[in-house]
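Structural features, examined
Chain by chain, the residues:
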Amino acid sequence: LPFLALVVAVVFPFVTSEGVLSYIIPALIWGIACIGWTAIFRTGQFSMGQAGFMAIGGYVTGILTATPPWTSGITSATVHLPVLVGMLIGGLAAAVLAFIVGFITLRLAGIFFCIVTLAFGELVNVNTLNLPKVFGGINGMPAPDPQLFGLDFKSTRVPYYFLVLAAVIITSIVFWRLDRSRLGMLFRSVSSNRNLAAHTGINLMKYRVIAFTVAGFFAGLSGALFAHYLRVTTPTLFTFSESVLILIMCVVGGTRSAVAGSLVGALALSPAGDYLTSKLQGAKPLVFGVIVVLVAFFLTNGVTSIPEMVKNFAVGRVQARK
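Residues numbered from 1 in each chain as written. Predicted model: local features only at pLDDT ≥ 70, side-chain atom pairs only at ≥ 80, totals over all residues. Heavy atoms only, no water.

Here we look at the overall build of the chain
Per the secondary structure count, the chain includes 14 helices and two strands. Across the 322 residues that make up the chain, the buried fraction comes to 47%. Contacts spanning at least 24 positions in sequence make up 76% of the contacts within the chain whose residues lie at least 6 apart. When the accessible surface of the chain is summed, it comes to about 16000 Å², and 70% of that surface belongs to carbon and sulfur atoms. (Helix = DSSP H or I, 4+ residues; strand = E, 2+ residues; numbered from the N terminus. Buried < 20%, exposed > 50% of the residue type's maximum accessible area, 1.4 Å probe, protein only. Contact = heavy atoms within 4.5 Å. Areas by Shrake-Rupley, 256 points an atom, 1.4 Å probe, with all protein chains shown as cover.)

Quick word on the packing of helix α2 (residues 18-41) against helix α10 (residues 204-230)
Contact pair α2 / α10: the axes reach a minimum separation of 7 Å and the direction vectors enclose 165°. Here α2 lies roughly antiparallel to α10, going by the angle between them. In the crossing of α2 with α10, the sense of the turn from one axis to the other is left-handed. Of the residues in α10, those touching α2 at Leu21, Ser22, Ile25, Pro26, Ile29, Trp30, Ile32, Ala33, Gly36, Ala39 and Ile40 are Ala211, Phe212, Ala215, Phe218, Ser222, Leu225, Phe226 and Tyr229. Classifying every residue of the contact of α2 with α10 by side-chain character gives 16 nonpolar, three polar and no charged. (Axes fitted to C-alpha atoms, helices over the stretch in contact; angles between N-to-C directions. Parallel < 35°, antiparallel > 145°, perpendicular 65-115°, else oblique. Left-handed = near helix turned anticlockwise from the far one by under 90°. Nonpolar A, V, L, I, M, F, W, Y, C, P; charged D, E, K, R; others polar.)

Some points on helix α11 (residues 240-253)
Helix length check: α11, at 14 residues, gives a terminal C-alpha distance of 20 Å against a target of 20 Å (1.5 Å per residue), a fit within 8%. For α11, a buried count of ten out of 14 residues is recorded, marking the element as mostly surrounded by other parts of the structure. Those residues of α11 not exposed but buried are Glu242, Ser243, Leu245, Ile246, Leu247, Ile248, Met249, Cys250, Val252 and Gly253. Contact partners of the buried residues in α11: α2, α3 (50-65), α12 (260-279) and α13 (283-298). Positive backbone phi, at 110°, marks Gly254, one or two positions downstream of α11. (Expected span 1.5 Å × (residues − 1).)

Focus: the packing of aromatic side chains
In this structure the tally under the stated criterion is 17 aromatic pairs. Summarising the aromatic geometry, the rings of Tyr59 and Phe135 are spaced 5.2 Å apart at their centres and angled 75° between planes, so their arrangement reads as edge-to-face. One end of the pair, Tyr59, is in helix α3; the other, Phe135, is in helix α6 (residues 132-135), and 76 residues separate them in sequence. Aromatic rings pair up to connect Phe12, Phe14, Tyr161 and Phe162 into one cluster. (Phe/Tyr/Trp six-rings, centres within 6.5 Å; stacked < 30°, edge-to-face > 60°.)

Re empty space enclosed by the protein
Using the criterion set out here, one finds two cavities of 30 Å³ or more in the structure. As a volume, the largest cavity reaches approximately 100 Å³. Elements supplying a minimum of two residues to the lining of the largest cavity: α2, α7 (158-180) and α8 (182-192). Considering only residue class, the lining of the largest cavity consists of six nonpolar, two polar and three charged. Each pocket or cavity is described by its volume, and for the second largest cavity that value is around 30 Å³. Contributing to the lining of the second largest cavity are Met48, Ala51, Gly52, Leu118, Gly121, Glu122, Phe238, Thr239, Phe240 and Ser243. Mapped by element, the contributors of at least two residues to the lining of the second largest cavity are α3, α5 (111-130) and α11. Per element, the largest residue contribution to the lining of the second largest cavity is three residues, and it comes from α5. (1 Å grid on protein atoms, 1.4 Å probe; cavity = no way out; pocket = protein on both sides within 12 Å on 5 of 7 lines; lining within 4 Å. Points joined across faces, edges and corners; volume = space filled by probe spheres on them.)

Considerations on the environment of Val214
Relative to the elements of secondary structure, Val214 occurs in helix α10. Spatially, the C-alpha atom of Val214 lies 8.7 Å from that of Phe99, the residues being 115 residues apart in sequence.

So, the nonpolar core
Counting residues in hydrophobic clusters, the biggest one holds 79 residues, and the most contacted among them are Tyr160 and Leu225. For this core, the leading source of residues is α10, giving 14 residues. Look past the residues within four positions of Tyr160 in its chain and what remains in contact with it is Ile25, Met87, Pro146, Phe153, Ala224, Leu225, His228 and Tyr229. (Core = buried A, V, L, I, M, F, W, Y, C linked by side-chain atoms within 4.5 Å.)

Regarding the pattern of salt bridges
The final tally for this structure, using the stated rule, is four salt bridges. The closest approach of N and O atoms between Arg42 and Asp179, which form a salt bridge, is 2.5 Å. Placement of Arg42 in the loop between α2 and α3 and of Asp179 in helix α7 is noted, with a sequence separation of 137 residues between them. Classification of Asp179 by relative accessible area gives buried; the value is 14%. Linking Arg180 and Asp179 is a salt bridge whose minimum nitrogen-to-oxygen distance equals 3.5 Å. Three or more residues joined by partner-sharing salt bridges are found here, namely Arg42, Asp179 and Arg180. (Salt bridge = Lys/Arg side-chain N within 4 Å of Asp/Glu carboxyl O.)

Quick look at the structure:
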């Protein structure tokens, strides 16, 4: 199934239009952030500040790859690193902050950690808006097109689609391998029974910080990808609403799997949300709210649990006939 999905993903941009790609590329970027959030959730924690780490990645790569607003006209003060380098540094900057925030706050649990991460995301948003000499204010930070292998990133979205697809594949492999490693087993044990894990000698703080830091890196990377895709990072791009959106995508897709649920939720809801926004302002939160309620009542493990439910139903019917 993963191989078939990869083949479809590679062929997809050649059989569709630029308009469809404009919906799919953001969905794949959201998928990267959602996979990281799921990793945090699978350690028993609930982050509401992932959009803040996305903003950090977007602004850092903009500062490093473009001419920042405060250096306009000062050639000697400008920095023009390659876009891929800027993206990686943006992810690393987000990871460093995630480590610091996690090290300080992951001693808290449940709603307290959730509130702290929410406050962190809002703090990032407020600073980017109110420090125009650093972050460009409401106009944001520009981010140039990538320059890779002589590909044309300006007139077509296909090269950027493959760049994002490569990032999604790398992210999926990292978290898939992480989930099946001893570290992933420890993550799940911390989540399933915190007290038992602590009594057996597992360092809860250590593994939560690891998960939060890794997720912070990929959130920063997704923010950097968004910045270069839109060619700008603004304070309105990564707000509390986007943190909630990540949560909704993961809930709808399902968190039982390390990767699949996050990608399915992002690919389903991101294009739907963009389409609803373009057609009727205000419809997106209403529709998403209804979807979450339906999933909570009928699909507690997300839409990725449907095949398993169908299989169990079929097995039950066969056994009943016997």
